[in-house]
Amino acid sequence: MRAIVIGSGAGSLASALRLRALGHEVDVLEACPDPGGRAREFSFHGHSFDAGPTVITAPWLFDELFELFGERRADSVEFLPCDPWYRLLYADGSEMDLVPSVERQEAEIARLSPRDASRYRGYLEHSKELYRVGYEQLGDADFSSVTSMLKMMPKLLQLGGFSTLWRHTARYFSDRRVRQAFSLPPLLVGGNPLTTTAIYGLIHAMERKGGIWFAKGGTSALITQLVALGQRHGIRYHFGHKVVSLSTDTAQRVTSVEAAHRGEQVVFPCDMAVWGGDPRALYATLGSSRLSLVERIRERTTSSSMGLFVLYFKTKRRYPEVAHHTIVLSERWEGLLRDIFKGRKLPKDPSLYLHRPAATDPSMAVDDGELFYVLAPVPHLGNYNDWNLDANRFTKTVVDILSERVLPGLSTELDFTESIDPRYFRDTLSSPLGAGFSIAPILSQSAWFRFHNRMDKIPNLYLCGAGVHPGGGLPGVVTSAKVVERLITRDFPSLQPSQTSIKDIIARTAA
Ligand SMILES: Cc1cc2nc3c(=O)[nH]c(=O)nc-3n(C[C@H](O)[C@H](O)[C@H](O)COP(=O)(O)OP(=O)(O)OC[C@H]3O[C@@H](n4cnc5c(N)ncnc54)[C@H](O)[C@@H]3O)c2cc1C
C-alpha cells in the first residue's frame with residue numbers, strides 16, 4: 001500500500017520510517033527545500049546552525065528507528081553526553097547546575113538551600129511515578145476514545161497530575177530558585193509552568209533515566225541520518241512540495257494528496273496519509289465539512305503555545321567557561337510568564353536559553369570564535385505582531401543581557417547575527433499564530449482533549465507531530481509516530497507492528 005507522509009519534522013520522519021518498516025511504499029512531501037522542520041539546519045555566512053532542538057532526551061527512541069531496519073544508530077550518528085545538563089544563572093548572581101548524578105544534584109541544590117537538597121530524592125521518586133504512568137503507560141496510548149482516558153484518571157489524580165507544575169514543586173522545595181529550576185521543563189515544549197499540568201514533572205525522570213545528549217555535528221546531523229536511513233530503505237523524499245489539498249472518495253477515505261511544486265500541482269495517489277504539520281493547518285485545509293463536531297469545537301477552542309525569538313550569532317573569540325545549555329533567568333518570574341503567555345508587548349527583561357555547541361562538541365568551534373544561538377520565549381502573533389518595528393530593538397535587548405550576564409563584551413565580539421521570530425514559524429513552517437511549539441501543553445489539551453492521531457471522519461488520515469498526542473519536543477513527536485503505527489496496524493490488520501510498547505524497548509535497550 002502507498003502512504004504519503006506530509007512534512008519532514010522529526011515526527012514525520014519517524015512515521016515514514018515506521019510505515020516503511022511495515023512494508024508500505026512511502027513518499028514524504030515537505031514544503032521547505034530541506035528536511036527537519038523545526039529541527040532543520042540554517043546556513044548563515046557559510047556557517048551551519050541548528051535551527052531548533054539542541055537537547056536530546058530519551059535517546060532510545062532514535063535507536064529504535066535504526067533497529068527497525070537492523071541498523072545501529074551509533075554507526076550513523078554519535079550522541080555525546082552533556083555535563084552539566086543545564087546551568088541556571090539567577091538574577092541575584094547565584095547559579096545552579098542540573099547534573100547527571102543524583103549525589104551531585106543534591107550538592108548543587110544544597111548550595112542554594114540545604115533543606116531543599118534533602119527533599120530532592122522525594123521529588124525524583126514522584127517524577128519517576130509520573131513518568132511510569134504519564135509516559136510509559138500513556139505516552140504511546142491511543143486516545144481516540146474518551147473511555148481510554150477516563151480509565152487513567154484516578155491514577156493521575158492520585159499523583160497530583162491535575163495540579164500545576166509550579167504548585168507541585170512547592171510540595172518539595174521552598175527556595176524559589178530551586179522551584180524555578182524544576183519548573184522549567186514545560187517551557188521547553190511551549191507551556192507555562194504556572195498553568196501546565198504537573199504531569200510534565202515526568203520530564204525530569206525521563207532525563208534521569210536516559211540522560212541529556214547532543215548529536216555530534218548538531219541535531220541536523222541526526223535529521224540527515226534519519227533521511228539517509230529512509231533513503232537506504234526506499235523512502236522517497238520530495239522537498240519543496242507544499243500540500244494544498246487532500247482528496248477523499250465517497251467513503252471519506254483519502255485517495256490522493258495534492259502538492260504545489262514550482263508553480264505546478266503534483267498529485268500523489270495514496271491508500272493512507274499521515275499529516276505531520278500543525279493539525280490546525282490540516283483542519284483548515286480540509287474545511288469544516290470534513291470535520292466532526294468535536295473536531296470543529298477543538299479547532300475553535302485550542303490555545304497556542306508561545307512564540308519564539310531565536311538569535312544565531314558567531315563570536316570572534318571563544319567563551320570556554322560557558323556551559324553548553326545555559327539558562328539566564330530574569331528577576332521576574334510570574335510577571336514575565338504572564339507577559340509571554342498573555343501579554344501584548346515584548347518583555348524588556350526576557351529570560352534566555354543560550355546554546356553553545358562547542359562546549360560538548362569541540363569540532364563545532366570555528367576559526368578563533370564560536371557559533372551560538374540564544375532563544376527567548378515571546379508572545380505568539382495573536383497577542384503581539386509588531387516584529388517589523390521591533391526585531392532590531394529586541395536583538396539589542398538580548399545581546400545586552402548576554403553581555404552583562406554570560407558573554408562579557410559580546411556586542412564588540414560579534415561577527416554577525418541572524419534571527420527568526422514568530423513570523424518565520426507562521427510563514428515558513430505553516431504554524432498558526434507563529435507558535436513555537438504548536439498548541440499549548442495544558443491539561444485541557446492533553447490526551448483525548450488534544451488533537452487526535454487519526455481524523456474522526458476520514459479513517460485513513462493520521463496525524464503525528466507536536467500538535468497531537470502525546471505532544472511537543474523530540475521525544476513526544478517521535479512517540480506520536482508509534483501511536484500512528486499502532487493505529488495503522490489496527491486499521492490494516494494484515495500488517496504487524498514493529499514494536500509493542502515503549503516499556504519493551506526500554507527493557508531491551510537496557511539489557
Ligand atoms: C528553537 C526551538 C528549540 C527547541 N529545542 C528543543 C530541544 O532542545 N529538545 C527537544 O526535544 N525539542 C525542542 N524543540 C521542540 C521540537 O523541535 C519540536 O517539538 C519538534 O521538532 C517538532 O516536530 P514535528 O514532527 O511536530 O514537526 P515540525 O518540526 O513542526 O515540522 C513540520 C514540518 O511540516 C512541514 N509542513 C507543514 N505544512 C506542510 C504542508 N502543507 N505541506 C508540506 N509540508 C508541510 C513544515 O514545513 C515542517 O517542515 C525546540 C523547538 C524550537 C522551535
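No experiment lies behind these values; they were computed from the predicted model shown. (Residues numbered from 1 in each chain as written. Predicted model: local features only at pLDDT ≥ 70, side-chain atom pairs only at ≥ 80, totals over all residues. Heavy atoms only, no water.)

A.B. asks: When you look at the site of the ligand in this model, what are you seeing that I'm missing?
C.D. replies: Taken together, 41 residues lie near the ligand, and Glu 30, Arg 38, Ala 466, Gly 473 and Leu 474 sit nearest. Between the ligand and Val 55, the relevant distance is 2.9 Å, taken from an oxygen atom to a main-chain nitrogen or oxygen of the residue. Separating an oxygen atom of the ligand from a backbone N or O atom of Gly 473 is a distance of 2.8 Å. Bound to the protein, the ligand loses 95% of the 1000 Å² it would expose on its own. Among the secondary structure elements, those contributing two or more residues to the shell around the ligand are α1 (10–21), β2 (25–30), β10 (242–248), β14 (307–315), β17 (370–378) and α17 (474–491). With 3 residues, the top contributor of residues to the shell around the ligand is α17. Of the residues contributing to the shell around the ligand, the split by class is 21 nonpolar, 17 polar and 3 charged. Residues from two domains meet in the shell around the ligand; each of domain 1 (2–79 + 216–303 + 441–510) and domain 3 (307–427) gives at least three. (Near = heavy atom within 4 Å. Polar contact = N/O pair within 3.5 Å; in protein donor to acceptor, adjacent residues only side chain to side chain. Areas by Shrake-Rupley, 256 points an atom, 1.4 Å probe, with all protein chains shown as cover. Helix = DSSP H or I, 4+ residues; strand = E, 2+ residues; numbered from the N terminus. Nonpolar A, V, L, I, M, F, W, Y, C, P; charged D, E, K, R; others polar. Domains from an automatic or database assignment.)

A.B. asks: I tried to follow the side chain of Arg 40 on my own but got confused; where do I start?
C.D. replies: Along the chain, Arg 40 turns up in the loop between β2 and β3 (41–44). Polar side-chain contacts of Arg 40 include one of 2.8 Å to the side chain of Asp 34. At 3.1 Å, the side chain of Arg 40 forms a polar contact with the side chain of Tyr 424. For Arg 40, the contacting residues outside a window of four places in its chain are Cys 32, Pro 33, Asp 34, Pro 35, Phe 49, Asp 50, Ala 51, Gly 52, Tyr 424 and Thr 428. (Contact = heavy atoms within 4.5 Å.)

A.B. asks: Would you mind going over the domain arrangement of the chain with me for this structure?
C.D. replies: The accessible area lost on association of the parts is a frequent measure of interface size. Looking at the assigned domains, one finds that the chain contains domain 1 (2–79 + 216–303 + 441–510), domain 2 (100–211) and domain 3 (307–427). For domain 1 versus domain 3, the distance between C-alpha centres works out to 29 Å. With 17 residues of domain 1 at the contact, the number on the domain 3 side is 18 residues. Of the roughly 1400 Å² buried between domain 1 and domain 3, counting both surfaces, carbon and sulfur atoms make up 64%. Counting the surface domain 1 buries against domain 3, the share from its top three residues, His 47, Phe 49 and Thr 54, is 35%. Applying the counting criterion to the domain 1 and domain 3 interface returns 1 salt bridge. Asp 361 is the salt-bridge partner of Lys 216, the closest N and O atoms lying 3.7 Å from each other. Linking domain 1 with domain 3 are 6 residue pairs in polar contact (both at pLDDT 80 or more), by the criterion used here. Looking at the side of domain 1 that touches domain 3, the elements that each hand over two or more residues are β3 and β4 (47–50). Looking at the side of domain 1 that touches domain 3 residue by residue, the classes come out as 5 nonpolar, 8 polar and 4 charged. (Buried area = accessible area lost by both parts, 1.4 Å probe. Salt bridge = Lys/Arg side-chain N within 4 Å of Asp/Glu carboxyl O.)

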